Amino acid sequence: MRNYILDLITSKEEKQATIQGWIYRHRVSGNMAFAIIRDSTGILQCTIKKDKVDSKSWKNAEEIYIESSVIVSGKLVKDERAPGGYELQVSDFQTINNGEPFPISKDLSDEFLLDVRHLWIRSQKMTNIFRLRHHTVNYLREFFNSKGFYELPPPIITGSACEGGSTLFEFDYFGEKAYLSQSGQLYAEAYIFSLEKVYVLAPSFRAEKSRTIRHLAEYWHLEPEMAFYDWKQNMDLQEEMIVEVVQNLIKNHSSLLESVGQDPEVLKKASAPFERMDYEKAVERINELGGKMEYGEDFGADEEALLTKGYEKPLFVHHFPKDIKAFYMPEDPNKPGTVLCNDLLAPNGHGEIIGGSERIWKYDELMQRIEENKLNPKDYQWYIDLRKYGSVPHSGFGLGIERLVKWVLNLNHIRDAIPFPRTINRCYP
Ligand code: 4AD
């Protein structure tokens, strides 16, 4: 019977064991071979003595390559010097697949590691990142499920733009033009009229022309949508969600966080309340801090970095000018020219992780904005329809999963927050 490494180490029992896994480190010295074997739960040091195994096992242990797959049996014994405090004294060493020498060794370029991404994702750092990504997504789901939200899928193939035409991936759909979805929001809006509180979690696609450390062409997008929520309740929910995810990560995974380069003490500072600043004030602040921007321009990475400089927790910016935001955001009657929206900026230069807003829920207002934005009402007929039958005020937001992971794990580049990144110059492997 197979034993998992973590079970062996935590049971603290000296006993016969069989593990299955991959060679993580390997060294031969005279009549002794040392292999560190990893499985999904941990690593275990194994020693193979030539005179304690049959000739086949010795040959296997001597000739094995890094990353080859093996089944190894022996006696688990305490050894303070071994990682985890235990060592397997091997009696049988079988190779499942030895293959070829592993192409990844030390000091390789980023580009090479991206070329062999299918192999590089096995590294300890990548593995730990993806463990934490898994937990992050889990905590998000738990948060919404515990609040009575329903998860539904949005379509990925769509006939209209949600976030403007400049980043659309277009393709031929049986002779018609269609697009890869930029956002599931418009569909999430359709779900609230029965389920009230919903979220969609799906890939979104952006034909981003620029190469940056925070843009992907394909990213995972969590988009909650809530009937009868205004823009302030929307921000409250975002804040509660972020705090809960961060606190859970710190409470349950602090050594994993450390292993990928995040200091849990730094992350702990992301506690409620987050400061809320309107766009106008944010522009002033950016200019005071040495940036150069005019009212009416959107923030780039530099402006966001200036704005959050010295911040230890995320910052909300609300009331952006109507002209730089999407067609579905309602104008604030108390502050004409601005819309009831917010971005949430992560600290330390990680930048925008959430974009959200109230949605226009009145038919005439939506028609006017569709016209102002020079969109074709035909493409949005079904969406407009939602304003004819029992329309209600509602709000929602979009969280980029990789943006969140980049911040909470303190990664240098967004591409490391997803196993197979799609960027302007890469869709391989
Ligand atoms: O601000 P965005 O464009 O908003 C929307 O798509 C809305 N429809 C969301 C909604 O209200 N349901 O995108 C939302 C978030 C951003 O804050 C960012 O975290 C992420 O999506 N995002 C990207 N992440 C990685 N690569 C890109 N190219 C991204 N573009 C947006």
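These remarks concern the structure in this document. Please read these numbers as outputs of a predicted model, since none were measured by experiment.

### Focus on the overall build of the protein chain
Helix and strand content of the protein chain: 13 helices and 16 strands. Projected onto its principal axes, the C-alpha positions of the protein chain cover 85 × 50 × 40 Å. Out of the 429 residues in the protein chain, the part that is buried amounts to 49%. For the protein chain, the proportion of contacts with a sequence separation of at least 24, taken over those separated by at least 6, is 66%.

### Considering the site of the ligand
Glu 163, Gln 185, Glu 223, Glu 352 and Ile 353 are the nearest of the 23 residues found near the ligand. Here a nitrogen atom of the ligand and a side-chain polar atom of Ser 183 are 2.9 Å apart. Within the side chain of Arg 359, a nitrogen or oxygen atom sits 2.9 Å from an oxygen atom of the ligand. The element that contributes the greatest number of residues to the shell around the ligand is strand 15 (residues 351-359), accounting for five residues. Across the shell around the ligand, the residue classes break down as eight nonpolar, seven polar and eight charged.

### Side note on a nonpolar patch on the surface
A surface patch of nonpolar side chains, amounting to about 360 Å² of accessible area, comprises Ile 157, Tyr 173 and Phe 174. With respect to the helices and strands, the residue Tyr 173 is situated in strand 8 (residues 170-173).

### Quick notes on the sheet that holds strand 8
Taken in spatial order, the three strands of this open sheet run 7-9-8, and their pairing is antiparallel. What marks the edges here is a single partner per strand, and that holds for strand 7 (157-158) and strand 8. Bridging between strand 8 and strand 9 (residues 176-180) involves four bridges; their strand directions are antiparallel. Residue pairing in the sheet places Phe 171 in a bridge with Ala 178 of strand 9.

### So, the nonpolar core
One finds Met 241, Ile 242 and Trp 407 to be the most contacted residues of the largest nonpolar core, which totals 46 residues. Every element with two or more residues in this core is listed here: helix 5 (124-146), strand 10 (197-205), strand 11 (218-227), helix 7 (231-259), strand 14 (341-346), strand 15, strand 16 (394-400) and helix 13 (401-408). Examining the composition of this core, we find that 12 residues originate from one element, helix 7, more than from any other. Among all residues touching Ile 242, those that are not within four sequence positions of it are Phe 274, Pro 314, Leu 344, Ile 353, Ile 354, Leu 404 and Trp 407. Of all hydrophobic cores here, the second largest spans 32 residues; its members include Ala 161, Phe 299, Ile 370 and Tyr 380.

### A short note on the side chain of Ser 181
Residue placement: Ser 181 occurs in the loop between strand 9 and helix 6 (185-195). Owing to a relative accessible area of 2%, Ser 181 belongs among the buried residues under this scheme. In this view, Ser 181 contacts Pro 155, Ile 156, Thr 158, Ser 204 and Phe 205; residues no more than four positions away in its chain are not counted.

### Focus: the pattern of salt bridges
One pass over the full model with this rule turns up 26 salt bridges. Put simply, Lys 59 and Glu 63 hold a salt bridge, and the shortest N to O gap is 3.3 Å. Residue Lys 59 and its partner Glu 63 are located together in helix 2 (residues 55-63), separated by four residues, close to a single helical turn. On the basis of relative accessibility, which here comes to 43%, the residue Glu 63 falls in the partly exposed class.

### Notes on the environment of Asp 364
Mapped onto the elements of the fold, Asp 364 is located in helix 11 (residues 363-372). Distance from Asp 364 to Met 1, taken between C-alpha atoms, is 68 Å for residues 363 residues apart in sequence.

### Quick notes on the pairing of strand 11
The buried fraction of strand 11 is high, at eight of 10 residues. Pairing of strand 11 with strand 16, which is carried by five bridges, proceeds in the antiparallel orientation. Of the residues in strand 16, the one forming a bridge with Met 226 is Ser 395.

### Overview of the side chain of Ser 395
Here Ser 395 shows up in strand 16. At a separation of 2.6 Å, a polar atom in the side chain of Ser 395 contacts the main-chain carbonyl oxygen of Tyr 229. Each residue touching Ser 395, except ones within four places of it in the same chain, is listed here: Glu 225, Met 226, Tyr 229, Asp 230, Trp 231, Asn 234, Ser 357, Glu 358 and Arg 359.

### Examining the packing of helix 5 against helix 7
Closest axis-to-axis distance for the helix 5/helix 7 pair is 9 Å, and the angle between their directions is 150°. Judged on the interaxial angle alone, helix 7 and helix 5 are roughly antiparallel. The two elements helix 5 and helix 7 cross, and the hand of that crossing is right-handed. Where helix 5 approaches helix 7, its residues Asn 128, Arg 131, Leu 132, His 135, Thr 136, Tyr 139, Leu 140, Phe 143 and Phe 144 are matched on the opposing element by Leu 237, Glu 240, Met 241, Glu 244, Val 245, Asn 248, Leu 249, Asn 252, His 253, Leu 256, Leu 257 and Ser 259. Among the residues forming the contact of helix 5 with helix 7, the class breakdown is 11 nonpolar, seven polar and three charged.

### A look at the packing of helix 5 against helix 13
It is the contact of helix 5 with helix 13, at a shortest axis distance of 10 Å, that shows an interaxial angle of 120°. Handedness of the helix 5/helix 13 crossing: right-handed. Between helix 5 and helix 13, the contacting residues are Arg 133, Thr 136, Val 137 and Leu 140 on the first element and Ile 401, Glu 402, Leu 404 and Val 405 on the second. Considered class by class, the residues forming the contact of helix 5 with helix 13 number five nonpolar, one polar and two charged.

### Describing the packing of aromatic side chains
Scanning the entire structure with this criterion turns up 15 aromatic pairs. Their ring planes at 75° and their centres at 6.1 Å tell us that Phe 327 and Tyr 383 sit as a pair that is edge-to-face. Of this pair, Phe 327 sits in the loop between strand 13 (315-318) and strand 14 while Tyr 383 sits in helix 12 (residues 381-385); the two residues are 56 residues apart in sequence, bridging distant segments of the chain. Accessibility assignment for this pair places Phe 327 and Tyr 383 in one class, buried. Across from the ring centre of Tyr 383, 4.2 Å away, lies the NZ or CZ of Arg 387, which sits over that ring.

What counts, and where the lines are drawn
Residues numbered from 1 in each chain as written. Predicted model: local features only at pLDDT ≥ 70, side-chain atom pairs only at ≥ 80, totals over all residues. Heavy atoms only, no water. Helix = DSSP H or I, 4+ residues; strand = E, 2+ residues; numbered from the N terminus. Buried < 20%, exposed > 50% of the residue type's maximum accessible area, 1.4 Å probe, protein only. Contact = heavy atoms within 4.5 Å. Near = heavy atom within 4 Å. Polar contact = N/O pair within 3.5 Å; in protein donor to acceptor, adjacent residues only side chain to side chain. Nonpolar A, V, L, I, M, F, W, Y, C, P; charged D, E, K, R; others polar. Patch = residues over 30% accessible without salt bridge, like charges linked within 9 Å, V, L, I, M, F, W, Y side chains within 5 Å. Areas by Shrake-Rupley, 256 points an atom, 1.4 Å probe, with all protein chains shown as cover. Salt bridge = Lys/Arg side-chain N within 4 Å of Asp/Glu carboxyl O. Pairing = 2+ DSSP bridges. Core = buried A, V, L, I, M, F, W, Y, C linked by side-chain atoms within 4.5 Å. Axes fitted to C-alpha atoms, helices over the stretch in contact; angles between N-to-C directions. Parallel < 35°, antiparallel > 145°, perpendicular 65-115°, else oblique. Left-handed = near helix turned anticlockwise from the far one by under 90°. Phe/Tyr/Trp six-rings, centres within 6.5 Å; stacked < 30°, edge-to-face > 60°. Lys NZ or Arg CZ within 6 Å of the ring centre and 35° of its normal.

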